[in-house]
Amino acid sequence: MCGMMINTDMLILFLITLCATIFFTFYVRRILLKARIADNPIVSEHRHKSGTPTMGGIAFLFTISFVISLYYQNTPILIVSFIMLSGGIVGLVDDLIGLKIKEVQKIVVNVSDDVITLGRLDVEPGEEVRVATPKAKAEVDDLLKLGKVKVIGEVPIKTEPGELEKIICQIVLGLFLGLTGVVTTIGGFELGIFAIPVVVIAILGCINSVNLIDGMDGLAAGIVGIASIACCVYGYLFGPVSIIPPFLILSGLCLGFLVFNKYPASIFMGDTGSFVLGTGYAAAVLIGDIPYFGVLALGVPIISVVVSLLHRAHIIKLPVEPLHHTLNHYGMSETRIVFSYWAITVLLCVIGILVKMYLF
């Protein structure tokens, strides 16, 4: 009977989070539309999404605050919620800075019959590219004079905080979690004070993975939602059951947001949302001490980060970054990419559960 009561409580927690997220996303979307706080995609294939409200992650902040008001006596819920709120505030500052336009970049098309080089890219005949790098900007005028390229549009580039400022803010979020003292054991290793740097690295990695994958309708919310539900199943099957509530909150946030964020999205989460989900997922995995399964479930965004790092280190070359935009660039439809990424996430989670069941 006690177990049944716990299950009922958990269902109530999930439904409260789900319904609150749907309500607040609807409400925030109306405000953002009136304020004309909208996205202006820089990827040419996504130009049609211009005008869709962004910063929808503000709805998460309302939902989490509501959850805290009801569950403030539950320590794991309270700590994960506090970390998510902190992450959301950092993401919100990023989004607010991004409302200021830094520069306007040209979009050109190769009108010649030859493959031309622009910056680091080899541009096929008829292919569109954005003139982004200093090298490309230096070369484009000569190509225009020679009649090899033609300007077909312009795209505003938002102001971004410097990499150092971003990293410092993310380290602070990691320290917030580390200093609570709730994370001492990770993956069967008693770390004591050394848990703090591990927590900081985990928070950094998770924020950037979720942030990078948040580039298509329903992609980030779907992947984090699937991974969180899988972590609930993992906790239910292998215990302790106490790890489930924080993942239920994440599941409710993601599924509630997907009501408006699935293709075609009527709102985007922005950095506010991706920082909430990134910090929340990392915190839930660390507090629940399920690092191996937690990392595996988030495998798709982690691989995406690795591919982007290889591109930035000039080891591989992508026409557009990150990987999902490259797939889109080569003709794979957005819905197909999103469903493929979701399916791979489901597959990784199933493999993780089966391996735990039958091998460990």
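Sequence order as written defines residue numbering, which begins from 1 separately in each chain. With the structure being a predicted model, the display of local features is reserved for residues of pLDDT at least 70 and the display and counting of side-chain atom pairs for 80 or more, all residues being used for whole-chain, interface and lining totals. Note that the side-chain values use all heavy atoms of the structure and ignore hydrogens as well as water.

**Q** Would you explain unusual backbone geometry in this entry?
**A** Note: most peptide bonds trans; most residues except glycine with negative phi. In this chain, Gly 239 is followed by Pro 240 through a cis amide linkage whose omega measures -10°. Assignment of secondary structure puts Pro 240 in the loop between helix H7 (219–238) and helix H8 (244–261). Positive phi, close to 70°, is recorded for Met 55, a residue that is not glycine. Helix numbers and strand numbers start at the N terminus; a helix is a DSSP run of H or I with at least 4 residues, a strand a run of E with at least 2. The topology assignment puts Met 55 in the loop between helix H1 (2–35) and helix H2 (58–71). Any residue under 20% of the maximum accessible area for its type is buried, any over 50% is exposed, and the rest in between are partly exposed; the area is computed with a 1.4 Å probe on protein chains only. A relative accessible area of 4% places Met 55 in the buried class. If you check the backbone angles, His 314 has positive phi at about 65° while not being a glycine.

**Q** When you look at the sheet that holds strand S5 (residues 149–158) in this model, what are you seeing that I'm missing?
**A** Whenever strands of a sheet pair, they do so through backbone hydrogen bonds, lying parallel or antiparallel. At least two bridges found by DSSP between two strands is the condition for calling them paired. The three strands are arranged S4-S1-S5 in an open sheet whose pairing can be described as antiparallel. Looking at strand neighbours, the two that pair on one side only are strand S4 (128–130) and S5, the edges of this open sheet. Averaged over all neighbouring strand pairs, the angle between strand axes comes to 25°, with direction disregarded. In this sheet, S5 lies alongside strand S1 (residues 101–110) in antiparallel orientation, the contact comprising nine bridges. Lines fitted to the C-alpha atoms define the axes, with helices restricted to the stretch that makes contact. Angles between their N-to-C directions range from 0 to 180 degrees.

**Q** What's the story with the side chain of Asp 95 in this structure? I'm lost.
**A** Take Asp 95: it is sitting in helix H3 (residues 75–97). Here Asp 95 falls in the buried class, since its relative accessible area comes to 6%. Pairs of residues are marked as contacts when any of their non-hydrogen atoms sit within 4.5 Å. Contact partners of Asp 95, with chain neighbours within four places excluded, come to Met 55, Met 269, Gly 270, Asp 271 and Thr 272.

Limitation: the analysis is restricted to geometry and does not speak to function.
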